[in-house]
Amino acid sequence: MTKKSIGLLAIALVTLITSLDASIVNVAAPIMAKDLAVSTSMIEWVISIYLMIIAALIMFFGHLGDVIGKVKVFQLGTIIFTIGSLFAGIRIGFGVLLISRGIQAIGAAMTMSNNFGITTEIFSKKNRGLALSILTTFFALGSIIGPSLGGLILSVGSWSYLFWINVPIGGFALLLGVITLPHRTPRQSKEKLDIIGAIIFTLLICLFFYTLMRIQTQGIWTRRFALSLLIILVLATAFIQREKSVVAPLLNLDIFKNADFSMGVVAAMLSFVVGFTCSVMMPYYLINARHLSTSFAGLLLIIIPVTLAVVGPVGGLLADKYGGERISMIGLLFLITAQIMIVSFKLTTPFWFFVVMSLLYGIGMGLFQAPNNTVIMTAVEKKVFRSCWQCELVCPEFRDGIRR
C-alpha cells in the first residue's frame, strides 16, 4: 500500500467509528437504563447528546481546520473521541456516561468536519473520486451497521464494549495518521473565526434538540414549547443576519442559490434520514415482530452493509467515468424500489423478499452517495466552497470534500 492509501485507511477507520457511535447505542438503551437505574426518557439523552453536540460544533471545527490545519484538528479529535470512548464504558454512573458521550461528540465533530477535506487535498483529481467514495462507504457502513453490531456485542458482553471497541481502532488509526498524513501549516491569513456566529448556532442547535426531546413527554400544546419555538426563531434569525454581515461566515448562504448544489444536499440528507430510520427499525421488525433469533436477524441485517461496501467504490468509479448525475439517479431508483418493498412488509413476508430488498437497498446507497457527492462538489465554483461546505449537518460524508 502507498503512503496515501494508508493515510486514507486511517481517516476511514476514524470515520467508521464516529459514525458508528450515532446508532450502536440504540439497541442497548433498555439495558443501560436498567443498569444505571434511570428512566427511558433519561437514557435517550445518551443518544441525543452525541448527535446534538456534533451538529452544534461541526461548522466551528471545520473553520478551525482551515485556520490552524485540518490534519491537526482531525488528529486531536481522534484523541478526544478515543478518550471519551474509554470513559463511557466505565460504569461509574449516568452523569459520567453523559459527560463521556459529550467528549466523544466533540472529538467526532473535529474529525467529521475535516476528514473529507484532508482526503481531497492528499489525492489528485484522477484518484479523488475513488478515495472519496471509499470514505463515503465507511461513513455509510458506520451509520447502518450500528444496531446489528451492537446486538452482536451485547450477545457476548456488556454494553461497556459498545464504547471500548473504539479504543483500539482509534489508537491504531491515530498511529497510522501520524506516520502518513501531511502536517502542513496553512498559509498566514487575516481571516478570523466567527466566534459569535458559532455561539449563536450552538445555542440554536442545543435548544432545538432539547425541544424535540421535551415534546415526547410534554407534547406541543404547552407554553414552554411555544416559548422554546419563539427563541429558536429568534436565534435562527440572528444567525442568518450574522452570517450575512461578516466577511468570513461559518455558513455562506449564497451557496443555496445554486440549484444543483441545493438539490444534491437535500437528496443526500433525505437518503441518510431514510437509511438511519431503516437501520433502527429493521432489528425491531425481525426480532420483536418476526421473533427471529439474534444470530439469524444479524445475518439478514448484514446484507445491506456488505452490499454497500462492495458497490460503494464502484459507484465512485462510475461517477468519474459517466457523470455523477446519471449514476446517482440510478441509485435513487434502486432505493425507491427498496422502500416500496419495505412498505409492503408483513408478518408473513418470505425471507427471500427481505434479502432482495436488502440487495437493492445496498446497491442503491452505493450508487447514490459518491456520485451525488461529485455532483455537489462540481456544482459551484471552488472559491465559493471554501466557506460554504458546512451546510450539510445531517450527512457529513461529503461535507469536507467540497471545501477546496
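All figures in this text were calculated on a predicted structure; none of them were measured in a lab. (Residues numbered from 1 in each chain as written. Predicted model: local features only at pLDDT ≥ 70, side-chain atom pairs only at ≥ 80, totals over all residues. Heavy atoms only, no water.)

As for the overall build of the protein chain
Here comes step 1: The secondary structure content of the protein chain amounts to 17 helices and zero strands.
Here comes step 2: The proportion of buried residues among the 404 residues of the protein chain is 53%.
Here comes step 3: When contacts within the protein chain are restricted to residue pairs at least 6 apart in sequence, those whose partners lie at least 24 apart make up 82%.
Here comes step 4: A total accessible area of about 18400 Å² is found for the protein chain, and carbon and sulfur atoms account for 72% of it. (Helix = DSSP H or I, 4+ residues; strand = E, 2+ residues; numbered from the N terminus. Buried < 20%, exposed > 50% of the residue type's maximum accessible area, 1.4 Å probe, protein only. Contact = heavy atoms within 4.5 Å. Areas by Shrake-Rupley, 256 points an atom, 1.4 Å probe, with all protein chains shown as cover.)

With respect to the packing of helix α1 (residues 3-20) against helix α6 (residues 115-122)
Here comes step 1: Packing of α1 against α6 leaves a shortest axis separation of 10 Å and a crossing angle of 170°. By the angle between their axes, α1 is roughly antiparallel relative to α6. When α1 is examined against α6, the residues Lys4, Leu8, Ile11 and Thr15 are found in contact with a partner set consisting of Asn115, Ile118, Thr119 and Ile122. (Axes fitted to C-alpha atoms, helices over the stretch in contact; angles between N-to-C directions. Parallel < 35°, antiparallel > 145°, perpendicular 65-115°, else oblique.)

Some details on the packing of aromatic side chains
Here comes step 1: On inspection of all chains with the given rule, the structure shows 10 aromatic pairs.
Here comes step 2: Relative to Phe239, the ring of Phe201 lies with its centre 5.1 Å away and its plane at 45°, an arrangement referred to as tilted. Pair noted here: Phe201 is in helix α10 (residues 195-218) and Phe239 is in helix α11 (residues 223-245), with a separation of 38 residues, a long-range link. In this structure, Phe201 and Phe239 share a single accessibility class: buried.
Here comes step 3: Here Phe345 and Phe353 contribute two aromatic rings whose centre-to-centre distance is 6.1 Å and whose plane-to-plane angle is 70°, an arrangement assigned as edge-to-face.
Here comes step 4: A residue is classified by how much of its surface remains accessible, and Phe345, at 14% relative accessible area, is buried. (Phe/Tyr/Trp six-rings, centres within 6.5 Å; stacked < 30°, edge-to-face > 60°.)

With respect to the environment of Ile336
Here comes step 1: As for its placement among the helices and strands, Ile336 is situated in helix α15 (residues 324-343).
Here comes step 2: Remark: the alpha-carbon pair of Ile336 and Gly364, spanning 28 residues in sequence, is separated by 8.4 Å.

Points about the side chain of Thr137
Here comes step 1: Checked against the element boundaries, Thr137 lands in helix α7 (residues 125-156).
Here comes step 2: Given a relative accessible area of 5%, Thr137 falls into the buried group.
Here comes step 3: In contact with Thr137, other than residues within four places in its own chain, are Leu308, Ala309, Gly312 and Pro313.

Some remarks on the confidence of the model for the protein chain
Here comes step 1: Residue-level pLDDT values for the protein chain average 81, and 89% of them are 70 or greater.
Here comes step 2: A low-confidence stretch, residues 381-404 stays under pLDDT 50, and its non-local contacts, those more than four residues away or across chains, total 95 contacts. (pLDDT = per-residue confidence, 0-100.)

Remarks on the pattern of salt bridges
Here comes step 1: Under the defined criterion, the tally for this structure stands at five salt bridges.
Here comes step 2: For the salt bridge of Lys70 with Asp66, the shortest nitrogen-to-oxygen distance reads 3.8 Å. Of the two residues examined, Lys70 and Asp66, each falls in the buried class.
Here comes step 3: In this structure, Arg242 engages Asp194 in a salt bridge whose closest nitrogen and oxygen atoms are separated by 2.8 Å. (Salt bridge = Lys/Arg side-chain N within 4 Å of Asp/Glu carboxyl O.)

Re helix α9 (residues 166-180)
Here comes step 1: When the terminal C-alpha atoms of α9 are compared, their 21 Å separation across 15 residues agrees well with the 21 Å that a helix rising 1.5 Å per residue should span.
Here comes step 2: Those residues of α9 that fall on the buried side of the exposure criterion are Asn166, Gly170, Ala173, Leu176, Gly177 and Thr180. On an axial view of α9, the arc spanned by its buried residues comes to 130°, and they lie on one face. Along α9, the residues that are exposed and aim more than 90 degrees away from the buried face are Pro168, Leu175 and Ile179.
Here comes step 3: Close packing links the buried residues of α9 with α1, α4 (70-88), α5 (94-112) and α8 (161-164). (Expected span 1.5 Å × (residues − 1). Arc of directions from axis to C-beta.)

Points about the side chain of Thr82
Here comes step 1: Summarising the element assignment, Thr82 is placed in helix α4.
Here comes step 2: Residue class for Thr82 comes out buried when judged on its relative accessible area of 13%.
Here comes step 3: Polar side-chain contacts of Thr82 include one of 2.7 Å to the backbone oxygen of Thr78. (Polar contact = N/O pair within 3.5 Å; in protein donor to acceptor, adjacent residues only side chain to side chain.)

Digging into a nonpolar patch on the surface
Here comes step 1: Together, Leu76, Ile79, Ile83, Leu86, Phe87, Ile90 and Ile92 make up an exposed nonpolar region whose accessible area comes to about 600 Å².
Here comes step 2: Mapped onto the elements of the fold, Leu86 is located in helix α4. (Patch = residues over 30% accessible without salt bridge, like charges linked within 9 Å, V, L, I, M, F, W, Y side chains within 5 Å.)

Points about the nonpolar core
Here comes step 1: With 37 residues, the main nonpolar core has Tyr50, Ile54, Met59 and Ile205 as its most contacted residues.
Here comes step 2: Elements that contribute at least two residues to this core include exactly α3 (40-68), α4, α5, α10 and α11.
Here comes step 3: Counting residues per element, this core draws most heavily on α3, which supplies 13 residues.
Here comes step 4: Each residue touching Ile54, except ones within four places of it in the same chain, is listed here: Ala105, Ala108, Ala109 and Met112. (Core = buried A, V, L, I, M, F, W, Y, C linked by side-chain atoms within 4.5 Å.)

Considerations on the environment of Asn114
Here comes step 1: With respect to the helices, strands and loops of the structure, Asn114 is situated in the loop between α5 and α6.
Here comes step 2: Residues Asn114 and His63, 51 residues apart in the sequence, show an inter-C-alpha distance of 9.2 Å.
Here comes step 3: A polar atom in the side chain of Asn114 sits 3.5 Å from the backbone oxygen of Phe61.

Focus on α3
Here comes step 1: In this model, α3 (29 residues) spans 41 Å end to end at C-alpha, consistent with the 42 Å of a helix rising 1.5 Å per residue.
Here comes step 2: Its maximal kink placed at Leu57, α3 deviates by approximately 45°.
Here comes step 3: The buried fraction of α3 is high, at 21 of 29 residues.
Here comes step 4: Of the residues trailing α3, Gly69 is marked for its positive phi of about 120°. (Bend = angle between axes of the 7 residues up to and from the residue.)

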